[in-house]
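# Structural features, examined
Here is what each chain is made of, one letter per residue.
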Amino acid sequence: MAPSNDLDLEDWLDSRANSYDIYVLGFQEIVQLNARNVLGPRNSCISTKWNSLIGETLNKRRRKGVGLHQEITNSSAIERSVQEEHFRCIMSKQMVGIFTSVWVRTNLRPYIHHLNVSCVGSGIMGYLGNKGSVSIRFMLHETSFCFVCCHLASGGKQGDVLLRNFDAADILARTRFPGGATQELPKKILDHDQVVLLGDLNYRISLKEADTRLLVEDKNWSILLENDQLLLEFPTGRHFEGWQEGLITFSPTYKYHPNSDQYHWCFDAAPGEKKRVPAWCDRILWRGKGLKQTQYYTCNYRLSDHRPVRAVFHAECEIRGDADCACGCIAPSSTSE
């Protein structure tokens, strides 16, 4: 779905705080998943528009200007300072409806190297891009980062959770990055020092629909989360061993009625239309030493029948000579339909 020209992203990106060094944004279904978009040439108009809006939001001037009485040298110093605080897109990639965009402060860019992208299609026939992942990795100083934007198998029927588990395992197994010519570089997702996985993971609630709806009406998140398919997978060690997720304190992110804060099942459905049961489909997971999540919540943007989820991380990275540096990293995930 294309964003409107007047969409204000300042709250979503928390850009007024001016507290973050890296932004990673992941979208799913930015185009309709029809045969033309899945099999035909890539439609980049919408992703280009998203990047334009993101850049405009992150690079709004935070000063009113320079007074005429100030010396030119002071003005130049201020201009340099403002320029250093600007953000630039170092990589963005679209695979059908999945889109990932990475932005960093200009003064951080010289220390980023070995920037690569890898796409894995896991949709129709197990390989087409209507489902799958777009992963972007880079080295910041001597620490490797990998951001994986996913759209896993959908469906609330019994057994669909196995398809989601297979998609996740398939993405981890098939994603490959090139090795380095002069230094050894991680080639697989789990080889990286710090990894963030975000997107529409599509995990549902393992309860009867009627019971789930009653619990949602009562806002009984604790009982619902006890039956969340993804949280039930964590302790098994089968597919998400070593991954972490922040405490979920927000309401289910799916499925909302268009342009409404009410869930879809609260309204009369059209003939033949399914009334999807609410679930925490949109998630952000992470793993790795030196990566600590400080915030995890949803944003009140009515962009689709999902609510975007945002996480903020504090990341430590190694500098040659055993010194450490720290940066703030924000990884918002959004699903657009």
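For the structure, see preceding data.
No experiment lies behind these values; they were computed from the predicted model shown. (Residues numbered from 1 in each chain as written. Predicted model: local features only at pLDDT ≥ 70, side-chain atom pairs only at ≥ 80, totals over all residues. Heavy atoms only, no water.)

## Quick word on the overall build of the chain
Of regular secondary structure, the chain possesses eight helices and twelve strands. In the chain, buried positions account for 51% of the 337 residues. The contacts in the chain between residues at least 6 apart in sequence include a share of 65% that link residues at least 24 apart. (Helix = DSSP H or I, 4+ residues; strand = E, 2+ residues; numbered from the N terminus. Buried < 20%, exposed > 50% of the residue type's maximum accessible area, 1.4 Å probe, protein only. Contact = heavy atoms within 4.5 Å.)

## Concerning unusual backbone geometry
Note the cis peptide between Tyr254 and Lys255, where omega equals 0 degrees. Position of Lys255 relative to the elements: it lies in the loop between strand 8 (244-245) and strand 9 (282-287). The backbone phi angle of Val96 is positive, close to 55 degrees, even though this residue is not glycine. Relative to the helices and strands, Val96 resides in the loop between strand 2 (87-95) and strand 3 (98-105). The exposure class assigned to Val96 is buried, which follows from its relative accessible area of 12%.

## Some details on the pairing of strand 5 (residues 132-140)
Working note: regular strand, side chains alternate between the two faces of the sheet. Extensive coverage of strand 5 is indicated by the burial of nine of its nine residues. Note that strand 4 (residues 112-121) and strand 5 share eight bridges and pair antiparallel. By the bridge assignment, Gly121 is partnered in strand 5 with Gly132. Both strand 5 and strand 6 (residues 143-151) contribute to a ladder of nine bridges, which runs antiparallel. (Pairing = 2+ DSSP bridges.)

## Remarks on the pairing of strand 6
In terms of burial, strand 6 is largely enclosed, as nine of its nine residues are buried. Burial along strand 6 is two-sided: Thr143, Phe145, Phe147, Cys149 and His151 facing one way and Ser144, Cys146, Val148 and Cys150 facing the other are all buried. Linking two consecutive strands that pair antiparallel, namely strand 5 and strand 6, is a turn of two residues; a positive phi of about 55 degrees is found at His141 within it. One ladder, built from seven bridges, connects strand 6 with strand 7 (residues 194-200); its direction is parallel. Its bridge partner lying in strand 7, Cys146 is registered against Val195.

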